[in-house]
Amino acid sequence: MPTVPLRDRASWKALEQHHAELSGRHLRELFAEDPERGERMAAEAAGLYLDYSKNRVTDETLRLLIELARESELEERRDMMFRGEPINTSEGRSVLHVALRMPRGGSLVVDGVDVVAEVHEVLDRMADFAGRIRSGQWKGYTGKPIRNIVNVGIGGSDLGPVMAYEALRHYSKRDLTFRYVSNVDATDFVEATHDLFADETLFIISSKTFGTLETLTNAHSARDWVIGQLGTEEAIARHFVAVSTNAERVAEFGIDTANMFGFWDWVGGRYSLDSAIGLSTMVAIGPDHFREMLAGFHEMDEHFRTAPLAENLPVLMGMLVVWYVNFFKAQAIGVMPYEQYLKRFPAYLQQLTMESNGKHVTIDGHEVDYDTGPVYWGEPGTNGQHSFYQLLHQGTRLIPLDLIGFGKSLNPLRDHHDLLSANVFAQAQALAFGKSEEDVRADGTASDVAPHRVMQGNRPTNVLLAERLTPRLLGALVALYEHSVFTQGAIWGIDSFDQWGVELGKVLAGQIAPELVSDAEPELAHDSSTNTLIRRYRSLKG
């Protein structure tokens, strides 16, 4: 941690003064004064082209933001992560998701163990398993090949596999069906399995400790479902595998520990897509495509690790978030992929960003006196244009956007992709430059209607462009946001890798659950609201 508090750093104070001078200026002015900024304010790495020219920044803004990054010791903290030092201070853990995608033959020794060698040992076991499922070699209890794979997890054990499967469905084996169960709401499990048959279905139970309440509740329902159809507990070993580190609990459940795929404490759930948590993804797209995805992750890792800060995509995107959150008081960031396969990408980013940087104290436990962790949200284009884009264009809140587009469609059909892509560029242009009342009147609009049709503009966007959505590109895209989140957390001086905020509600739910099901009226000792709600729930249950 830097010794000087964030708001007392020279670069922060310079940014405050700079913001006061710049905040009243419009992007129309900035482009008029610097017509070439659209060509100059761009960066490229790992197949991704970033146009950040439609941000409310000048060269001086960028210089000061990079100076803030240096003064906040971003580079030192980044290097500590890549060396395997325990930068997750509240849990005393290393943060080594980057080791999950280091190439075979690489080395990263932590506490005397080469973690890269361990990673590839697990990847090889995953590849062997995926090959047996995909070839039909793995048979269920009755001798039928597996046709349906149901991933049971929650949080990162669900959001990552779901997002990756949807994103890479084009590359998936189409004679296999993939379903995902996460919610403890029984509807999630019932709907996922209602048209499946147990003798052709394999469940992947993803839980590091094999003790997560929601996951184990669904896992036991899956167990009952299989036994109910196949009539014997012996079927469990052929219809369940585990992604876990708790061999004892896995064996108690009935899963052969030879079919248990492990991972490590230095892998956070929201960073685990490229670990054994991605087993369902590997089954879907095959080991070769999975390794391509890992290569994309690694390429962006290396860019983040080595590129100069002023040309570093994750650093630029992360520092722009700091600029808007802390100086313009923006509370949300929108991510709008113009690619239907990425429909679950914004939901994936919600956990990655908000579980990481939704913190109110610094690494050393001091309350922050500045904003951290904005709300991330989004939907695919062009759907969003016909719903919430109205607020983006004419609302009173400043919401910076990332627009993600591709040069080529995986499913070319008539002129669909050109129309889709035209909207990427049009929305960025409209948000930046808007339409003045003078222009509206020039169109012949009546004076009493003209104010309603004014678009103020000056709404910032990043545009990310790539050739096409491939496994490698997806890996690079995810790593880009991972390291942008890291950059933000380094500036704010927070621990981006713990998530204590998810614990309290789980503990309280564990206390309340027995009170909902007890035969006798429970003696309640909560607040009056919670007590009343529990009593009303019990009466509704009858």
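That block above? That's the structure.
Residues numbered from 1 in each chain as written. Predicted model: local features only at pLDDT ≥ 70, side-chain atom pairs only at ≥ 80, totals over all residues. Heavy atoms only, no water.

As a further point, take the environment of Glu 233. Structurally, Glu 233 is set in the loop between α9 (213-230) and α10 (236-239). A relative accessible area of 54% means that Glu 233 is categorised as exposed. Taking C-alpha positions, Glu 233 is 54 Å from Asp 415, a pair spaced 182 residues apart along the chain. Residue contacts for Glu 233: discarding those within four places in its chain leaves Arg 223 and Ile 227. (Helix = DSSP H or I, 4+ residues; strand = E, 2+ residues; numbered from the N terminus. Buried < 20%, exposed > 50% of the residue type's maximum accessible area, 1.4 Å probe, protein only. Contact = heavy atoms within 4.5 Å.)

Moving on, we get to the nonpolar core. Counting 130 residues, the largest nonpolar core has Phe 345, Leu 474 and Tyr 481 as the members making the most contacts within it. Sorting elements by how many residues they give to this core places helix α19 (residues 471-492) first, with 13 residues. If we ignore the near neighbours within four places in the chain, the residues touching Phe 345 are Met 163, Val 335, Ile 404, Leu 477, Val 478 and Tyr 481. Core analysis: the next-biggest nonpolar cluster, separate from the first, contains 24 residues, Val 150, Phe 210, Ala 222 and Met 260 among them. (Core = buried A, V, L, I, M, F, W, Y, C linked by side-chain atoms within 4.5 Å.)

Our next topic: the pattern of salt bridges. Here the structure, examined in full by the defined rule, presents 33 salt bridges. For Lys 435, the salt bridge is made with Asp 443, and the minimal N-O distance between the two is 2.3 Å. Its relative accessible area of 53% is what places Asp 443 among the exposed residues. One connected set of salt bridges, linked through shared partners, spans Arg 101, Asp 274, Asp 301 and Glu 482. (Salt bridge = Lys/Arg side-chain N within 4 Å of Asp/Glu carboxyl O.)

Remark on secondary structure: sheet strands pair via backbone hydrogen bonds, oriented parallel or antiparallel. Taken together, the five strands give an open sheet; going across it, the order is β6-β5-β7-β8-β9, and neighbouring strands pair in parallel fashion. Where the open sheet ends on each side, the last strands, each with one partner, are β6 (177-181) and β9 (260-261). Taken together, the five bridges between strand β5 (residues 148-152) and β6 define a ladder with parallel strand orientation. In the strand pairing of β6, Ile 149 is matched with Phe 178. Sitting on the sheet, helix α8 (residues 186-193) is in contact with β6 and β7 (201-206), with an inclination near 170 degrees to β6. α9 contacts β5, β6, β7 and β8 (240-243) of the sheet and is inclined by roughly 160 degrees relative to β7. (Pairing = 2+ DSSP bridges. Axes fitted to C-alpha atoms, helices over the stretch in contact; angles between N-to-C directions.)

With that settled, consider the sheet that holds strand β13 (residues 461-466). The strand order across the open sheet built from six strands is β1-β2-β13-β12-β10-β11, with neighbouring strands paired in mixed fashion. On the outer flanks of this sheet lie β1 (42-45) and β11 (375-377), each paired with one strand and no other. Between one strand axis and the next, the sheet turns through 15 degrees on average, direction left out of account. The pairing of strand β10 (residues 332-337) with strand β12 (residues 401-406) spans four bridges and is parallel. Each residue of the ladder has a partner; that of Pro 337, found in β12, is Ile 404.

Here we take up the side chain of Ser 272. Its location among the elements puts Ser 272 in the loop between β9 and α12 (279-285). Here the side chain of Ser 272 touches Gly 269 through a polar contact of 2.6 Å, landing on its backbone oxygen. Dropping the residues within four chain positions of it, Ser 272 is found in contact with Gly 156, Val 267, Ile 277 and Gly 278. (Polar contact = N/O pair within 3.5 Å; in protein donor to acceptor, adjacent residues only side chain to side chain.)

Take the packing of helix α5 (residues 74-83) against α19 next. Axis separation between α5 and α19 bottoms out at 10 Å; the angle between their running directions is 125 degrees. With respect to α19, the element α5 is oriented oblique. Classified by chirality, the crossing of α19 by α5 is right-handed. Residues Leu 74, Arg 77, Arg 78 and Met 81 of α5 lie in contact with α19, whose contacting residues are His 483, Phe 486, Thr 487 and Ala 490. (Parallel < 35°, antiparallel > 145°, perpendicular 65-115°, else oblique. Left-handed = near helix turned anticlockwise from the far one by under 90°.)

For β13, the buried fraction is high: five of the six residues fall into the buried class. By the bridge criterion, three bridges tie strand β2 (residues 48-51) to β13 in an arrangement that is antiparallel. Its bridge partner being in β13, Asp 51 is matched across the sheet by Val 463. Sheet analysis places β12 next to β13, joined by six bridges and oriented parallel. Note on β13: the bridge partner recorded for Leu 403 is Val 463.

Attention shifts here to the packing of aromatic side chains. Under the counting rule described, the total for this entry stands at 24 aromatic pairs. With 5.1 Å between their ring centres and 80 degrees between their planes, Phe 31 and Phe 433 make a pair best called edge-to-face. One end of the pair, Phe 31, is in helix α2 (residues 27-33); the other, Phe 433, is in helix α17 (residues 416-433), and 402 residues separate them in sequence. Looking at Phe 31, the relative accessible area reads 17%, which means it is buried. When the centroid spacing of 5.1 Å and the interplanar angle of 20 degrees are considered together, the rings of Phe 203 and Phe 240 count as stacked. Of this pair, Phe 203 sits in strand β7 while Phe 240 sits in strand β8, placing them 37 residues apart in sequence. Here Phe 203 matches Phe 240 in class, with each residue buried. (Phe/Tyr/Trp six-rings, centres within 6.5 Å; stacked < 30°, edge-to-face > 60°.)

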